[in-house]
Amino acid sequence: KCICDLFEPEFAAMFVCDHINNEVFNVATKEAECIEGVTLPFGKGFVGTVAETGRSLLTENAYNDPRFCRHVDSVTGQLTKSVLCLPIPGFQRNSRPVAVFQVINRGNGKSFSEEDEQAMASICNELSLLLRWKSTELNDLRHRIKRLHVLAHQTEDLEASILREYGSS
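Residues numbered from 1 in each chain as written. Predicted model: local features only at pLDDT ≥ 70, side-chain atom pairs only at ≥ 80, totals over all residues. Heavy atoms only, no water.

Caption draft 1: Here's a closer look at the pattern of salt bridges. Summed over all chains, the structure comprises 2 salt bridges. For the salt bridge of Arg67 with Asp65, the shortest nitrogen-to-oxygen distance reads 2.7 Å. On the accessibility criterion, Arg67 (37% relative accessible area) is partly exposed. (Salt bridge = Lys/Arg side-chain N within 4 Å of Asp/Glu carboxyl O. Buried < 20%, exposed > 50% of the residue type's maximum accessible area, 1.4 Å probe, protein only.)

Given below as structure tokens:
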């Protein structure tokens, strides 16, 4: 929410990178829920280009840029003008992006600026740290569940062993 307050975009979206299938998929949007779950191959559109290259993209006139994917405008009914699209860095130095964040049409008819790009890059770095922390937290939870599962089986095995030794009574 605060990112959208800062840039006042008409539209904002976050896409997660799938480096195995070389595609991005939309996981969250502001003002265009109809595209949630949409996937794009790496290299297609602004988001796919950023996912593939790991470099940010800033354009004042989307329709004059050959990388622009007009399909989204036809689905959402909006007219894309200015676009700011940045990678959310991976968890290791020089790694591929884990996600891409995109904002479209800055409020008040303004275009996004290089200062906006710098501010968004800082936000994306913070998002990367948050995602890393969450993935570590999930991994820890997975290990705890696995340990509990093992303990439950050990308890069942102990009960079965005791029953075999001393009978069902």
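Anyway, onward from the coordinates.
Caption draft 2: Local environment of the pairing of strand β1 (residues 9–18). Taken across its 10 residues, β1 has 8 buried, putting it largely inside the fold. Bridge count between β1 and strand β6 (residues 99–106): 7 bridges; the pairing is antiparallel. Opposite Pro9, over in β6, you have Arg106 as the bridge partner. As defined by bridge partners, β1 adjoins strand β2 (residues 23–30) across 7 bridges and the pair is classed as antiparallel. When the sheet's bridge partners are listed, Asp18 is paired in β2 with Glu23. (Helix = DSSP H or I, 4+ residues; strand = E, 2+ residues; numbered from the N terminus. Pairing = 2+ DSSP bridges.)

Caption draft 3: Quick peek at the packing of aromatic side chains. For the coordinates displayed, the defined rule picks out 2 aromatic pairs. Aromatic side chains Phe46 and Phe68 sit 5.7 Å apart centroid to centroid with 35° between the ring planes, which places their arrangement in the tilted category. On the criterion of sequence distance, the pair formed by Phe46 in helix α2 (residues 45–53) and Phe68 in the loop between β4 (57–59) and α3 (71–76) is long-range, its members being 22 residues apart. Exposure class is identical for Phe46 and Phe68. Each is buried. Each member of the aromatic cluster is reached from another via a ring pair, and the members are Phe46, Tyr63 and Phe68. (Phe/Tyr/Trp six-rings, centres within 6.5 Å; stacked < 30°, edge-to-face > 60°.)

Caption draft 4: Spotlight on unusual backbone geometry. A positive phi angle, near 50°, is found at Asn22, a position not held by glycine. Mapped onto the fold, Asn22 is located in the loop between β1 and β2.

Caption draft 5: Representation of the environment of Phe25. By the secondary structure assignment, Phe25 is in strand β2. Spatially, the C-alpha atom of Phe25 lies 5.1 Å from that of Phe15, the residues being 10 residues apart in sequence. When near neighbours in sequence (up to four residues on either side) are disregarded, Phe25 contacts Met14, Phe15, Val16, Asp18, Val38 and Thr39. (Contact = heavy atoms within 4.5 Å.)

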